[in-house]
Amino acid sequence: MSALKIKKGSSKHSAYDLRDPNADVIESHTLAIVVDNEAGVLARVIGLFSGRGYNIESLTVAEIDHLGHRSRITVVTTGTPSVIEQIKAQLGRIVPVHEVHDLTVEGPSVERELALLKVAGEGDKRVEALRLADIFRASVMDSTLTSFVFEITGTPEKIDAFADLMRPLGLVEIARTGVAALSRGTE
Amino acid sequence: MTRQMTGAKMVVQALKDQGVDTVFGYPGGAVLPIYDEIFQQNDIRHILVRHEQGAVHAAEGYARATGKPGVVLVTSGPGATNAVTGLTDALMDSIPIVVLTGQVPTFMIGNDAFQEADTVGITRPCTKHNWLVKDTAKLSDTIHQAFHVATSGRPGPVLVDIPKDVQFASATYVTPQKANTKHYQPKVKGDREAITQLVELIEQAERPIFYTGGGVINSGPAASQLLRELVEGTGFPITSTLMGLGAYPASGKAWLGMLGMHGLYEANLAMHGCDLMINVGARFDDRITGRLQDFSPHSKKAHIDIDPSSINKVIHVDIPIVGDVAHVLEDLLNIWKARGRKTNAEGLAKWWGKIDEWRKVDCLKFTQSGNTIKPQHALARLEALTKGHDRYICTEVGQHQMWAAQYLGFEDPNRWMTSGGLGTMGYGFPASIGVQMAHPDALVINVAGEASWLMNMQEMGTAVQYRLPVKQFILNNERLGMVRQWQELLHGERYSQSWSEALPDFVKLAEAFGAKGIICKDPKDLDDAIMEMIEHDGPVIMDCLVEKHENCFPMIPSGEPHNKMLLGENASTKDAIKSGGAVLV
Ligand SMILES: Cc1ncc(C[n+]2csc(CCOP(=O)(O)OP(=O)(O)O)c2C)c(N)n1
Ligand SMILES: [Mg+2]
């Protein structure tokens, strides 16, 4: 009998390869998940993503209602449309999850992220960093003679763009909060 | 009226208030206060198992045979980790189980204390939900929530971890009526518009089929009743997964038998050729669908499931209906009747003609000849000799399990307990103990393979201690038969580690535990041996020596679609599984 020549992940027939990853476009969705603020709830949400092989691009979590013991988790995830549907259905199944909103499909939304960037440099580079920070409306939170810490808020894309510009100018370290998002309008 | 009591007392009070009559468990340091309370009461019966895995499977058996949640009590650390296989099994098969574990005192958690394990961490992925209770004031409320979550929506196992200091401390007891269960209320009614769409398809379909699963059983007896009414009313053929056997009676004339990898020829071909598939409480498992691209290519598909995440997970369906099976079927029947009970009689008659041709293949036929008992024959005789009894069947996992599903007929729901989703060897024996506890006067038989049975054989002690007359019907092929079959089909007949050597003398083993042992090798003695087994008033191990190299057919080789089945007897098994299917299990 012939040896099995199967490359890992290459089989079209695998029972686990439920979707052809190339058949559908990969989309990025921002999900807002309202949960009970109880021990372990974040682990349940993250465990779902790792256990079922879903992606997490960004994750933020904080309490939003102290008396009601509610927290809001904002996850940016990617996947084919059917995977995104699965993720939402699976999230909805977790007992302490109260609401799952897909901000990407539920109408327009605002997304903001905050980042702190440490940029070290002298002379022209230092001047240029400051000039660009001004253009991006980043503010200086700390300064030494040879470094700045900038604070910037905006969409993840804006922060990416700013970080890309700072890299050649001496970017040392970056801390990002991940995305916080809300739908627009009264609802 | 508020009642102050210790956490340990609360546990017992909460169980009583939840209507629990039986707890399967095993004591240890971290649950001693609870065991002390159990000692001082008579309402709840505690069954001392011999291994915590056995406790969980017994509770699963109890739950499946009664429709009530099974309850388990074990200690911290090793007690909790031993329960993990059972929890995973119950999660995969959606069985309501409440497991209570002891934990080291709250002030020692995280210190690697003696017998400490991160129980809620370890069991988070294998429970529907779990709780660590750090405050006695929350204990009774949490236990009531646990029962609510285990039994609502899609059922499943839950776990409550109770530190020892929480058991000793006192607080106010909360009754089930006052407990906080509002936040978890899964939707049970299906969307009427979708149900009406399905009725329209039912009225027109030429080649319809009901594909039913464990969800019908879990929904309760009313669901099976409504399903039967719908099947009789429409005259549509019906097949079921392993998990759903008994929802529709095997003697019913619309019954096609089980479908799937080892399902019946007519059932699988009808699934492949249908134009309307009505999935009722099944989940398009990979044992059922075979190759996804070729799964039932010409059908419209409707899917009734209480769990929204089951819908469109594997197979895209045209009509998704989220809701409880009984609720949805009731609405479906009402709408269908109100519109005049229409079906496409002409199409149906042709469809049945086709199905009858497939039935003529007689895919389960076998020939019993010579001096060795064929496992199929053993089961056919077991069926014939026990049919009229008030009978419950458990199984282990392997070939014998599939043969049991094929050759035994189930007339009612909750009479068939087998490990479907996880395929846990060692499930059947403890499950049979749980079933017998629930139904002391019934005939409870565990159809076992010798290898599976050994995995939880310590439970012989439990069966004997509580005088549970469970019948262990071991189809002994001295092989890990199912593994051997795959090696024959897939690995060039290199039978790596797939035989059972140094097997015990099962008769002496039974006797060593104080039970009865029977051995049977000759087909001539088979009926007498089975009769002796069922007539004996006490636990029996029957060692039925069967043909060692029998393969289980029909079989859809993994990676193949439904219409590429291997049939029995003369099937060519060499190289039957292509390399693409070889990665599958
Ligand atoms: C706990 C566990 N380990 C391993 C397996 C893989 N497995 C599936 S069937 C089987 C052989 C079962 O042998 P036996 O109980 O004698 O049943 P038979 O197939 O011979 O009827 C094995 C090892 C399993 N399902 N469960
Ligand atoms: Mg065997």
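So, a few notes on the structure that sits alongside this text. (Residues numbered from 1 in each chain as written. Chains lettered and ligands numbered in written order. Predicted model: local features only at pLDDT ≥ 70, side-chain atom pairs only at ≥ 80, totals over all residues. Heavy atoms only, no water.)

A look at the overall build of chain A
Rule in force here: Secondary structure elements are defined from DSSP: runs of H or I of at least 4 residues count as helices, runs of E of at least 2 residues count as strands, and each element is numbered from the N terminus. To sort residues, take the accessible area from a 1.4 Å probe on protein chains only and compare it with the maximum for the residue type: under 20% means buried, over 50% means exposed, and anything in between is partly exposed. The contact rule is simple, with two residues in contact once any of their heavy atoms fall within 4.5 Å. Only the protein chains shown count as cover for residues, with accessible areas throughout obtained via the Shrake-Rupley method and a probe of 1.4 Å.
Helix and strand counts for chain A stand at four helices and eight strands. Written out in order from the N terminus, the α and β elements of chain A read β-α-β-β-α-β-β-α-β-β-α-β. Out of the 187 residues in chain A, the part that is buried amounts to 37%. Within chain A, counting contacts between residues at least 6 apart in sequence, those at least 24 apart form 72% of the total. If you sum the accessible surface of chain A, you get close to 10600 Å²; carbon and sulfur atoms cover 54% of it.

With respect to the pattern of salt bridges
Pairing between side chains of opposite charge can happen when their charged atoms approach one another. Rules: Any Lys or Arg side-chain nitrogen located within 4 Å of an Asp or Glu carboxyl oxygen qualifies as a salt bridge.
Counted by the stated rule, this structure contains 33 salt bridges over all chains. One salt bridge in this structure joins B:D285 and B:R283, with 3.4 Å as the shortest N-O distance. The partner of B:K524 in a salt bridge is B:D522, with the nearest N and O atoms 3.2 Å apart. For B:K524, a relative accessible area of 68% puts it in the exposed group. Judged by relative accessible area, which is 22%, B:D522 ranks as partly exposed. The network of salt bridges with common partners includes A:E85, A:K88 and A:D102.

Side note on the sheet that holds strand 13 (residues 300-305) of chain B
Residues and elements named next belong to chain B. Keep this limit in mind: What makes two strands pair is DSSP finding at least two bridges between them. The angle between two axes is taken between their N-to-C directions and runs from 0 to 180 degrees, where each axis is a line fitted to C-alpha atoms and a helix contributes only its stretch in contact.
With parallel pairing, the six strands of this open sheet are ordered in space as 11-10-9-12-13-14. Bordering the open sheet on either side are strand 11 (255-258) and strand 14 (319-322), each of which pairs with just one other strand. Neighbouring strand axes in the sheet, compared pairwise and without regard to direction, differ in orientation by 15 degrees on average. Pairing of strand 10 (residues 238-240) with strand 11 involves two bridges; the strand directions are parallel. Paired with S240 across the bridge in strand 11 is M258. The sheet contacts of helix 9 (residues 192-204) involve strand 12 (276-280), strand 13 and strand 14, and relative to strand 14 the element is tilted by about 135 degrees. On the sheet, helix 11 (residues 221-234) packs against strand 9 (208-212) and strand 10 and is oriented at approximately 165 degrees with respect to strand 9.

Re helix 4 (residues 156-166) of chain A
Residue and element names in this part refer to chain A. Inclusion rule: Each direction from the helix axis to a C-beta atom contributes to the arc, which is the arc of those directions.
Looking at helix 4, one finds that the buried residues are P156, I159, F162, A163 and M166. An end-on view of helix 4 places all buried positions within 125 degrees of arc, on one side of the element. Buried positions along helix 4 lie against strand 5 (109-120), helix 3 (123-135), strand 7 (147-154) and strand 8 (171-183).

Regarding the site of ligand 1
All names here are of chain B. Where we set the bar: Consider each residue's heavy atoms; a residue with any of them within 4 Å of a molecule or strand counts as near. We call two N or O atoms a polar contact when they sit within 3.5 Å, provided that within protein one can donate a hydrogen and the other can accept it, with sequence-adjacent residues counted only if both atoms are side-chain atoms. Residues are grouped as follows: nonpolar covers Ala, Val, Leu, Ile, Met, Phe, Trp, Tyr, Cys and Pro; charged covers Asp, Glu, Lys and Arg; every other residue, Gly included, is treated as polar.
Surrounding ligand 1, one finds 17 residues, the nearest of these being Q399, H400, G423, S452 and G481. Interatomic distance of 2.8 Å between a backbone N/O atom of Q399 and an oxygen atom of ligand 1. For ligand 1, a nitrogen atom lies 2.8 Å from a polar atom in the backbone of G423. Going through the elements one at a time, helix 17 (399-407), helix 19 (450-455) and helix 21 (481-490) are the ones with two or more residues in the shell around ligand 1. Here the element with the most residues in the shell around ligand 1 is helix 19; it accounts for four residues. Of the residues contributing to the shell around ligand 1, the split by class is seven nonpolar, eight polar and two charged.

Re the coordination of the magnesium ion (ligand 2)
All names here are of chain B. This is how it is decided: Coordination here is defined by N, O and S atoms within 2.8 Å of the metal (3.2 Å for Na, K and Ca), and since water is not considered, a site can look incomplete. A four-donor site is classed as tetrahedral when every donor-metal-donor angle falls between 85 and 135 degrees; four donors are called square planar, and six octahedral, when trans pairs exceed 155 degrees and all remaining angles lie between 65 and 115, with any other arrangement labelled irregular.
Summarising the metal site, the magnesium ion (ligand 2) is bound by the protein donors E450 (OE), E450 (OE), N477 (OD1) and R479 (O), whose distances to it range over 2.1 to 2.8 Å. Considering all six donor atoms around the magnesium ion (ligand 2), angles at the metal cover 50 to 172 degrees and the coordination shape is irregular. Exposure remark for N477: the relative accessible area of 7% places this residue in the buried category.

Let's talk about the pairing of strand 19 (residues 516-520) of chain B
Residues and elements named next belong to chain B. This is how the line gets drawn: By convention, a crossover is right-handed whenever its connection, traced from the first strand over the helix to the second and viewed with the strands pointing away, goes clockwise.
Sheet topology note: the strand 19/strand 20 (residues 540-545) ladder contains five bridges and is parallel. In the strand pairing of strand 20, C520 is matched with C544. For the handedness criterion, the β-α-β arrangement of strand 19, helix 23 (residues 526-535) and strand 20 is classed as right-handed.

A short note on the side chain of B:N477
All names here are of chain B. Mapped onto the elements, N477 comes out in the loop between strand 18 (471-476) and helix 21. Side chain to side chain, N477 and Q399 meet in a polar contact 3.4 Å long. The residues touching N477, leaving out its near neighbours within four places in the chain, are Q399, E450, V546, E547 and K548.

With respect to the packing of helix 1 (residues 7-17) of chain B against helix 7 (residues 139-151) of chain B
Residue and element names in this part refer to chain B. This is how the line gets drawn: A clockwise turn of the near helix away from the far one marks a right-handed crossing, whereas an anticlockwise turn of less than a right angle marks a left-handed crossing.
Across the interface, helix 1 lies against helix 7 with an axial gap of 9 Å and an inter-helix angle of 35 degrees. Classified by chirality, the crossing of helix 7 by helix 1 is right-handed. Taken together, the residues of helix 7 that come into contact with helix 1 (itself represented by G7, M10, V11, A14, L15 and D17) are L139, S140, I143, H144 and F147.

Observations concerning the pairing of strand 7 (residues 157-163) of chain B
All names here are of chain B. Here strand 7 lies mainly inside the structure; seven of its seven residues are buried. Burial of strand 7 is two-sided: the residues P157, L159, D161 and P163 facing one way and the residues V158, V160 and I162 facing the other way are all buried. Here seven bridges tie strand 5 (residues 97-103) to strand 7, and the two strands are oriented parallel to one another. Within the sheet, the bridge partner assigned to V98 lies in strand 7 and is V158. In this sheet, strand 7 lies alongside strand 6 (residues 129-132) in parallel orientation, the contact comprising four bridges. Counterpart to N130 in the pairing with strand 7 is L159. For the crossover from strand 6 across helix 7 to strand 7, the handedness is right-handed.

Section: the sheet that holds strand 4 (residues 70-74) of chain B
Residues and elements named next belong to chain B. Within the open sheet, the six strands sit side by side as 3-2-4-5-7-6. Their pairing is parallel. Whereas interior strands pair on both sides, the edge strands pair on one side only; in this sheet they are strand 3 (45-48) and strand 6. Strand-to-strand twist across the sheet, computed as the mean angle between neighbouring axes with direction ignored, equals 20 degrees. Sitting on the sheet, helix 5 (residues 84-92) is in contact with strand 5 and strand 7, with an inclination near 145 degrees to strand 7. Packed onto the sheet, helix 7 meets strand 4, strand 5, strand 6 and strand 7 and runs at close to 165 degrees relative to strand 7.

Overview of the environment of B:R154
Here B:R154 is to be found in the loop between helix 7 and strand 7. Along the chain, B:R154 and B:D93 lie 61 residues apart, while their C-alpha atoms are 10.0 Å from each other. Residues contacting B:R154, with those up to four places away along its chain left out, are A:R93, B:S94, B:K128, B:R283, B:I306, B:D307 and B:S310. A polar side-chain atom of B:R154 sits 2.9 Å from a polar atom in the side chain of B:S94.

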